[in-house]
2 protein chains.
Amino acid sequence: MPGIRGPSDYSQEPPRHPCLAINSKEPFNAEPPRQVLVSSYVTPVEFFYKRNHGPIPVVDDVERYSISVTGLIDNPKQLFMKDIRNLPKYNVTATLQCAGNRRTAMSKTKTVKGVGWDVCALGNAVWGGAKLVDVLELVGIPKLTSATWSGGKHVEFISIDKCKEENGGPYKASIALSQATNPAADVLLAYEMNGEPLNRDHGYPLRVVVPGVIGARSVKWLDSINIIAEECQGFFMQKDYKMFPPSVNWDNIKWSTRRPLMDFPVQSAICSLEDVTIVKHGKITVKGYAVSGGGRGIERVDVSIDGGKTWVEASRYQKTGTPYNPDDESSDRWAWVIFEATADIPTSTEIVAKAVDTAANVQPENVESIWNLRGVLNTSWHRVQFRIGKSNM
Amino acid sequence: MPGIRGPSDYSQEPPRHPCLAINSKEPFNAEPPRQVLVSSYVTPVEFFYKRNHGPIPVVDDVERYSISVTGLIDNPKQLFMKDIRNLPKYNVTATLQCAGNRRTAMSKTKTVKGVGWDVCALGNAVWGGAKLVDVLELVGIPKLTSATWSGGKHVEFISIDKCKEENGGPYKASIALSQATNPAADVLLAYEMNGEPLNRDHGYPLRVVVPGVIGARSVKWLDSINIIAEECQGFFMQKDYKMFPPSVNWDNIKWSTRRPLMDFPVQSAICSLEDVTIVKHGKITVKGYAVSGGGRGIERVDVSIDGGKTWVEASRYQKTGTPYNPDDESSDRWAWVIFEATADIPTSTEIVAKAVDTAANVQPENVESIWNLRGVLNTSWHRVQFRIGKSNM
């Protein structure tokens, strides 16, 4: 495509904020400090986690940039940015979370494979763009379609980027056509993040945002959309981002026995404390985030200062400073909530948080029962150890 | 309404199968034996749990029976059975589960209030009827509507039955209009159960079936449908079937702080063993059910014979004898799976089962963390204690 380069080296990476913790330099994978993450409801772009599988593409000439929509449809089309911008624009507040969030802690049980992440491989942004359902109507696929006449049942998104060779070419992923054509699923082709054009790290000029689903399906730097019969056979769908039972190891793994991860389960983490924090005697304020996948909201967040024997319910904030109200029309069903609880400094030196979602799903108490060799979806109760002494907060 | 009696005493109850365990006689609440429950994928009507809040209504003359559809709509209508039958008929296989399933075990931690249930307050049936979305189109509400012009946002279902007086008249409940008008949500006005007309215990002649949602919202013996601005203010929506944190007791409860339960979380239970079973040395076959709410399928079921230290994955069966296949077009997203695992008789005498759903949600390890004063949604790992000796199986 003219005006587009998917560089095969890391010589043209964009600038990044120096406060990010870099978990992998090439490809660039980094997360913000805990305290910074929960200091705002909408995560500033520079502090939004960066998750890449190759060098960042360069799109010089956005006017000449286009995507193709092809596959099992009657009328394949090439769409330019003006075609996407001509469709109704939606702003969707959605939290994207890497399936590997909190992976480092899972390795404490037994080593897992994958980029190490603390608890900040997620962010909450206002994504602006066209609904995928409207784009698909341009090629003749109506709303609420499970299968096209020619047998298409999945929508594959293919990136411009140049992934590492072992991964079989450009990054790609798919979602079910029924989700793609459901207006309520809010799947976007986004060209804005927090009111600004996407930056290069986050998919400039156009990316997919699949709310409520692990970040790996929200393909950046979109090159084409392919309507296919079976789900995408790419590496990251078929040989990665799947969850296996604790008993499966690298010798007995059978990738085809599991489905690709989609909706993520209920998650929370404390972000106002690190495991090294020293706190003063007295009261302590515990702040963190809670989020669930699939459009399930957060019902409540519990915080314990005695290792889980007793719990206090945290206050929840959605829009910064606004108490959470599930009946509010403008409630952001795809977004996290920021929680806050004040507690007496306990005699024990562990604080625990866990969330419950609107379907009454809970986080697992121990990481051991959900340990898996790829280290995905560590949603166990979040525990922070700290010391009592002269405060460093 | 002519031909309809909602008797105020229990003199006209229908016959029931003598093998049911009766948890409450008036109103009649009963569940089947564990072994019987998992002996078939589709639960026979006579073994389907019975959950009532009052005497069973009598509808003598189904031709004169009608429902009214009214409230915040332009064209209220009275609909007779022939009008409902004239709409396209759908068969939906869905598991209905009482929110109080497994309540008795929760009381072992600390007493809870409500009808005591073992693990069989659920059943899986093929429900036949019209889609609610089609019924609502008859009164001018299009598909995928979140709000009517006149401000209707919830769909209230009101029963014919005569509930106990403290509950404020007939049984009622509501769901969001967006769910009611979403064809993919498969909400039915059902007149058939397993291919036969509904029987009286299950809502004859017409009931609501809300797949993936706690049974309490699937109102039986439908009298009317009311489009309303706020969710139903009935007792069972506002002062029951809500889940509170373990810290809330009958002195400090504030009902309005919680939303009514809807989607249920991932659940499983072993049904081939009772806590009193004596098993022989050798191999043991463990059989049970697993189900999740909100259309989330079951990803896997794990069984442990060492108290949760190691796990084996169970085989899953959907249609009787058919291995579970999540990609199968005919997969029943609203239905349970029957699982089976064979294990050596352990040295310990406890078998544990837990399930994972397709959104990677898991069951909580211990009941203490989800204990709540109403005893709803006990989805903790299911543990069965047994003795080793001369088998009584």
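Residues numbered from 1 in each chain as written. Chains lettered and ligands numbered in written order. Predicted model: local features only at pLDDT ≥ 70, side-chain atom pairs only at ≥ 80, totals over all residues. Heavy atoms only, no water.

Trainee: Help me out: how do you make sense of the relation of the copies chain B and chain A in this one?
Mentor: Superposition of the two copies of the chain requires a rotation about an axis and a shift along the axis. Superposing chain B onto chain A takes a rotation of 180 degrees plus a shift of 0.0 Å along the axis, which leaves an RMSD of 0.0 Å. Taken together, these values place the two copies in the relation of a two-fold axis. Within chain B, Pro364 of chain B has its C-alpha nearest the rotation axis, a separation of 2.7 Å. In this assembly the copies share their binding face: 100% of the residues contributing to the interface of chain B also contribute to that of chain A. (Least-squares fit on C-alpha atoms with pLDDT ≥ 70 in both. Contact = heavy atoms within 4.5 Å.)

Trainee: So what exactly am I meant to see when it comes to the interface of chain B and chain A here?
Mentor: Interface size is commonly expressed as the accessible area that is lost once the parts come together. Between chain B and chain A, the residue contacts involve 40 residues of the former and 40 residues of the latter. The junction of chain B with chain A conceals about 3200 Å² of combined surface from both sides, 49% of it contributed by carbon and sulfur atoms. Linking chain B to chain A there are four salt bridges. Close ionic contact of Arg259 of chain A with Glu299 of chain B constitutes a salt bridge, the shortest N to O distance being 2.8 Å. Viewed at the interface, chain A and chain B are joined by eight residue pairs in polar contact (both at pLDDT 80 or more). Looking at the side of chain B that touches chain A, the elements with two or more residues in it are strand 19 (298–304) and strand 23 (350–357) of chain B. Here the side of chain B that touches chain A takes four residues from strand 19 of chain B, the largest share from any one element. Looking at the side of chain B that touches chain A, its residues break down into 21 nonpolar, six polar and 13 charged. (Buried area = accessible area lost by both parts, 1.4 Å probe. Salt bridge = Lys/Arg side-chain N within 4 Å of Asp/Glu carboxyl O. Polar contact = N/O pair within 3.5 Å; in protein donor to acceptor, adjacent residues only side chain to side chain. Helix = DSSP H or I, 4+ residues; strand = E, 2+ residues; numbered from the N terminus. Nonpolar A, V, L, I, M, F, W, Y, C, P; charged D, E, K, R; others polar.)

Trainee: I'm lost on the state of the cysteines in this one. Help?
Mentor: All names here are of chain A. This structure, assessed with the given rule, holds zero disulfides over all chains. The thiol of Cys120 is unpaired, and the distance to the nearest cysteine sulfur, on Cys271, comes to 4.7 Å. Residue Cys120 is classed as buried on the basis of its relative accessible area, which comes to 1%. (Disulfide = S-S within 2.5 Å. Buried < 20%, exposed > 50% of the residue type's maximum accessible area, 1.4 Å probe, protein only.)

All quantities given are derived from atomic positions and should not be read as evidence of function.
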